[in-house]
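Geometric and topological summary
Spelled out from the first residue to the last, the chains are:
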Amino acid sequence: MSRSSTPSRERIVVGAADMISRRGLSATSIRETAKHAQAPLGSTYHYFPEGKQQLASEAVRHTGDRGARSLRKELEAGPAAGLDAVLALWRESVVDTDFHAGCPVLAVAIEEPPADEVPPALAAAAEVFELWEGLLADSLRAHGAEAGRAAQIATLAVAVEGAVAMCRAKRGTDPLDRTAAQLRALIADAIGD
């Protein structure tokens with residue numbers, strides 16, 4: 001990650017999201033994140049006094065907000081266009097990193113939490129998934145899909161994260177492409193295209 005005029009706090013959040021997407025939450029430390037973001041370690045502890053969970057939560061929310069902004073924009077053209085935009089972002093993410101990065105939201109979600117505890121980063125991941133599903137379901141309903149079916153397709157579309165993980169494992173985009181084809185067909189059927 002290159003040093004830029006981006007404020008340290010934002011660079012640290014973006015750096016954490018990048019590291020979590022590549023290594024997972026457990027293998028991402030505050031010290032390595034500061035180094036990756038080219039930010040002073042002291043700044044990291046200053047901005048994130050609650051530690052790694054606070055930083056991870058903010059990285060997840062940053063990713064969620066960025067995805068939601070893109071999704072809202074693309075959904076203006078309809079649910080199929082929104083889906084295509086999201087799939088293009090995932091394709092770009094895995095291909096541009098030579099299949100080394102996935103999604104920090106998914107990476108946080110699959111970590112094993114401590115017994116009887118929902119860590120803040122896991123709660124943030126659930127909120128992001130909920131947000132993305134809601135945006136897609138709203139668009140599907142607005143274009144004529146029945147509410148229950150819209151919710152199911154939206155959940156399936158967000159679950160494309162699993163296909164991204166498969167792409168990383170297989171070092172190819174076939175899982176994403178196959179999933180995309182099925183999702184497009186479901187959307188077309190649901191909205192009567």
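Residues numbered from 1 in each chain as written. Predicted model: local features only at pLDDT ≥ 70, side-chain atom pairs only at ≥ 80, totals over all residues. Heavy atoms only, no water.

1. Comments concerning the overall build of the protein
On a plain count of helices and strands, the protein comes out with 10 helices and zero strands. Taken from the N to the C terminus, the helices and strands of the protein come in the order α-α-α-α-α-α-α-α-α-α. A compact globule built from 193 residues should have a C-alpha radius of gyration of about 16 Å, and the protein, at 17 Å, falls within 12% of that. The C-alpha extent of the protein, read off along each of the three principal axes, is 55 × 35 × 35 Å. For the protein, the distance from the average position of its 21 positive side-chain charges to the average position of its 26 negative side-chain charges is 7 Å. (Helix = DSSP H or I, 4+ residues; strand = E, 2+ residues; numbered from the N terminus. Rg over C-alpha atoms; globule rule 2.2 N^0.38 Å. Lys, Arg positive; Asp, Glu negative; His and termini not counted. Charge placed at Lys NZ, Arg CZ, Asp CG, Glu CD.)

2. Description of the environment of Asp 174
Tracing the backbone through its elements, the reader meets Asp 174 in helix α10 (residues 174-191). Taking the C-alpha atoms as reference points, Asp 174 and Ala 163, 11 residues apart in sequence, are found 8.8 Å from one another.

3. Some remarks on the nonpolar core
The biggest cluster of nonpolar side chains holds 52 residues, and the ones touching the most others in it are Val 105, Trp 132 and Leu 176. Elements represented by at least two residues in this core include exactly α1 (8-23), α4 (52-75), α5 (79-96), α6 (104-109), α7 (120-142), α8 (147-158), α9 (161-170) and α10. Among the elements that make up this core, the one with the highest residue count is α7 (10 residues). With sequence-adjacent residues up to four places away left out, Leu 176 is seen in contact with Leu 87, Trp 90, Arg 91, Val 160, Ala 163, Val 164 and Cys 167. (Core = buried A, V, L, I, M, F, W, Y, C linked by side-chain atoms within 4.5 Å. Buried < 20%, exposed > 50% of the residue type's maximum accessible area, 1.4 Å probe, protein only. Contact = heavy atoms within 4.5 Å.)

4. Notes on the packing of α9 against α10
One way to put it is that α9 packs onto α10 with a least axis distance of 7 Å and a crossing angle of 150°. Of the possible angle classes, the one that applies to α9 and α10 is roughly antiparallel. Within the contact between the two elements, α9 uses Ala 163, Val 164, Met 166, Cys 167 and Lys 170 and α10 uses Pro 175, Leu 176 and Thr 179. Here the residues of the contact of α9 with α10 are counted per class, giving six nonpolar, one polar and one charged. (Axes fitted to C-alpha atoms, helices over the stretch in contact; angles between N-to-C directions. Parallel < 35°, antiparallel > 145°, perpendicular 65-115°, else oblique. Nonpolar A, V, L, I, M, F, W, Y, C, P; charged D, E, K, R; others polar.)

5. Remarks on the state of the cysteines
Defined simply, a disulfide is a covalent bond joining two cysteines at their sulfur atoms. If you walk through the whole model with that rule in mind, you get zero disulfides. With no disulfide of its own, Cys 103 has Cys 167 as its nearest cysteine by sulfur position, at a separation of 13 Å. The exposure class assigned to Cys 167 is buried, which follows from its relative accessible area of 0%. (Disulfide = S-S within 2.5 Å.)

6. Let's talk about the pattern of salt bridges
Going through the model one piece at a time under the given rule, you end up with 10 salt bridges. A salt bridge links Arg 9 to Glu 58, with the shortest nitrogen-to-oxygen separation between them at 2.7 Å. Taken together, the residues span a long stretch of sequence, with Arg 9 in helix α1 and Glu 58 in helix α4 at a distance of 49 residues. Residues Asp 84 and Arg 184 are paired through a salt bridge, measuring 2.7 Å at the closest nitrogen-oxygen approach. Within this pair, whereas Asp 84 is found in helix α5, its partner Arg 184 is found in helix α10, the two being separated by 100 residues in sequence. Residue classification places Asp 84 among the partly exposed positions, given a relative accessible area of 34%. A residue is classified by how much of its surface remains accessible, and Arg 184, at 38% relative accessible area, is partly exposed. (Salt bridge = Lys/Arg side-chain N within 4 Å of Asp/Glu carboxyl O.)

7. As for α9
Residues of α9 that are buried include every one of Glu 161, Ala 163, Val 164 and Cys 167, and no others. For α9, the buried positions fall inside an angular range of 155° around the axis, keeping them on one side. Turned more than 90 degrees away from the buried face of α9, the exposed residues are Ala 169 and Lys 170. Arg 171, located one to two residues past α9, shows a positive phi value of around 55°. (Arc of directions from axis to C-beta.)

8. Notes on the confidence of the model for the protein
A residue-level look at the protein finds 96% of positions with pLDDT of 70 or above and a mean pLDDT of 92. With pLDDT under 50 throughout, residues 1-5 is counted as low confidence; its partners more than four residues away or in other chains account for 12 contacts. (pLDDT = per-residue confidence, 0-100.)

9. Let's talk about the side chain of Thr 173
Mapped onto the fold, Thr 173 is located in the loop between α9 and α10. In contact with Thr 173, other than residues within four places in its own chain, are Arg 91, Val 95, Phe 99 and Cys 167.

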